[in-house]
Amino acid sequence: MWQVRRVEETGSTNVDVAELARSGAAEGTAVVAGYQRTGRGRLDRTWEAPPGSSLAVSFLLRPRDVPVERWPWLPLLVGVAAVDAVVGLTGVGAKLKWPNDVLVDERKLAGILVERVDTPQGAAAVAGIGLNVTQRRDQLPPTATSLFLEGAAGIQPAEMLEALGDRLAERYAEWHDHRGDPAAGIAPAYRQRCATLGRQVRVEFPGSDAAEGVAADIDDTGRLVLQTGTERRVIGAGDIVHLRPV
Ligand SMILES: O=C(O)CCCC[C@@H]1SC[C@@H]2NC(=O)N[C@@H]21
């Protein structure tokens, strides 16, 4: 379903696809870059990778038949597709940290940023994925990893793109066909791949606030349910630190 445009270098593929969306580009338009100068991350962070070492791609989605209150599942859906693409192509044991960091043994392999964009054709979503492919240890922070470092040495970004595009197209079609009903597939698939559920965690909120508790569940809109003593707190955004299994 993807019409992929390849660019050698850009600022951010998410920004590029958002611009294409505003100019009327069709669902399935995608931009993949050899190098991103100013990649965007979650919670207003940046995303960096040396030229040619990683996959940096954004996909345009126009989920016309899915009520907008179900769109918050999209970032989780993209996470499921990314995990399945990594496991299927390389055998590397990737898992999700809520909402959608792709981890291997607690190190981050991939990050996902899904952004809503308003266009003359209606609301759309840009799903951006940055996945570390060939980076060596000295090209990454200690908290990150790459496919190369996890033993998948022969894999190149283009192969990873192919696998990711296939898994994303399948998951998206299933979700769209069920009008975004999470129970129809994506919620159970997410729970299976989520390393956060059932753990003692710290949630660091944007700003300096934090909370600790057990990651008890994912609610109907993809938010994390945190059990803190006798209280249940529903978390829409934040950074999770995995503490220990319970
Ligand atoms: O973990 C995060 O903070 C999310 C990082 C998302 C990075 C990807 S790389 C391709 C796409 N273009 C961007 O500017 N960001 C996303």
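Residues numbered from 1 in each chain as written. Predicted model: local features only at pLDDT ≥ 70, side-chain atom pairs only at ≥ 80, totals over all residues. Heavy atoms only, no water.

Below, the discussion takes up the UniProt feature "domain: BPL/LPL catalytic" (unreviewed entry) in the protein chain. According to UniProt, the "domain: BPL/LPL catalytic" (unreviewed entry) feature falls on residues 1-176. Regarding residues 1-176, the helix share stands at 27% and the strand share at 34%, and the terminal C-alpha atoms are separated by 13 Å. (UniProt positions renumbered as here; feature names shortened; annotations may be inferred. Helix = DSSP H or I, 4+ residues; strand = E, 2+ residues; numbered from the N terminus.)

We now examine the domain arrangement of the protein chain. Along its sequence, the protein chain is organised into domain 1 (3-192) and domain 2 (197-245). Once you take the C-alpha centre of each, domain 1 and domain 2 turn out to be 23 Å apart. In this complex, domain 1 contributes 15 residues to the contact, which on the side of domain 2 involves 18 residues. Roughly 1300 Å² of surface becomes buried between domain 1 and domain 2 when both sides are summed, with 55% attributable to carbon and sulfur atoms. Where domain 1 packs against domain 2, one counts 4 salt bridges. Tallied by class, residues from the side of domain 1 that touches domain 2 come to 9 nonpolar, no polar and 6 charged. (Domains from an automatic or database assignment. Contact = heavy atoms within 4.5 Å. Buried area = accessible area lost by both parts, 1.4 Å probe. Salt bridge = Lys/Arg side-chain N within 4 Å of Asp/Glu carboxyl O. Nonpolar A, V, L, I, M, F, W, Y, C, P; charged D, E, K, R; others polar.)

Between two packed helices, the angle of one axis relative to the other and the distance separating the axes together describe the packing. Interhelical geometry of helix α3 (residues 157-177) versus helix α4 (residues 186-193) gives an angle of 140° and a closest axis separation of 11 Å. Between α3 and α4, the angle is such that the two are oblique. On α4, the residues touching Arg171, Glu174 and Trp175 of α3 are Ile186, Ala189 and Arg193. Looking at side-chain class alone, the contact of α3 with α4 contains 3 nonpolar, no polar and 3 charged residues. (Axes fitted to C-alpha atoms, helices over the stretch in contact; angles between N-to-C directions. Parallel < 35°, antiparallel > 145°, perpendicular 65-115°, else oblique.)

Turning to the site of the ligand, a few remarks are in order. The environment of the ligand is formed by 20 residues, the closest being Ser12, Gln36, Arg40, Arg42 and Lys108. A distance of 2.7 Å separates an oxygen atom of the ligand from a polar atom in the side chain of serine 12. Contact with the protein chains covers 98% of the free accessible surface of the ligand, which is 420 Å². The set of elements that each furnish at least two residues to the shell around the ligand consists of α1 (13-22), β3 (39-40), β5 (54-61), β8 (107-119) and β9 (122-132). Counting residues per element, the shell around the ligand draws most heavily on β8, at 4 residues. Class assignment for the residues of the shell around the ligand results in 6 nonpolar, 10 polar and 4 charged. (Near = heavy atom within 4 Å. Polar contact = N/O pair within 3.5 Å; in protein donor to acceptor, adjacent residues only side chain to side chain. Areas by Shrake-Rupley, 256 points an atom, 1.4 Å probe, with all protein chains shown as cover.)

Attention now goes to the sheet that holds strand β11 (residues 210-218). Spatially, β13-β12-β11-β10-β14 is the arrangement adopted by the 5 strands of the open sheet, whose pairing is antiparallel. Edge positions in the open sheet fall to β13 (231-235) and β14 (239-245), since each of these has one partner strand only. Neighbour-to-neighbour, the strand axes of the sheet open up by a mean angle of 40°, direction not taken into account. Where strand β10 (residues 199-204) and β11 come together, 5 bridges link them in antiparallel fashion. By the bridge assignment, glutamine 200 is partnered in β11 with valine 214. (Pairing = 2+ DSSP bridges.)

Now for the side chain of threonine 196. Within the fold, threonine 196 resides in the loop between α4 and β10. Threonine 196 gets classed as buried once you look at its relative accessible area, which sits at 0%. Setting aside residues no more than four positions away along its own chain, threonine 196 makes contact with Leu96, Lys97, Trp98, Val201, Ala215, Ile240 and His242. (Buried < 20%, exposed > 50% of the residue type's maximum accessible area, 1.4 Å probe, protein only.)

Look at helix α2 (residues 74-90) against α3: their axes get within 8 Å of each other, and the N-to-C directions meet at 135°. Judged by the inter-axis angle, α2 sits oblique to α3. Crossing hand, α2 versus α3: right-handed. Contact with α2, carried on its side by Leu74, Leu77, Val78, Val80, Ala81, Ala82, Asp84, Ala85, Val86 and Leu89, involves Glu159, Met160, Ala163, Leu164, Arg167, Leu168, Arg171, Tyr172 and Trp175 of α3 and no other residues of that element. Of the residues belonging to the contact of α2 with α3, the class tally is 15 nonpolar, no polar and 4 charged. (Left-handed = near helix turned anticlockwise from the far one by under 90°.)

What follows deals with the pattern of salt bridges. Scanning all chains against the criterion turns up 15 salt bridges. Glutamate 9 is the partner of arginine 37 in a salt bridge, and the nearest nitrogen-oxygen pair spans 2.9 Å. With arginine 37 in the loop between β2 (29-36) and β3 and glutamate 9 in strand β1 (residues 3-10), this residue pair connects regions lying 28 residues apart in the sequence. Residue glutamate 9 is classed as partly exposed on the basis of its relative accessible area, which comes to 43%. Ionic pairing is found between arginine 45 and aspartate 239, a salt bridge with its closest N-O pair at 2.3 Å. Within this pair, whereas arginine 45 is found in the loop between β3 and β4 (46-47), its partner aspartate 239 is found in strand β14, the two being separated by 194 residues in sequence.

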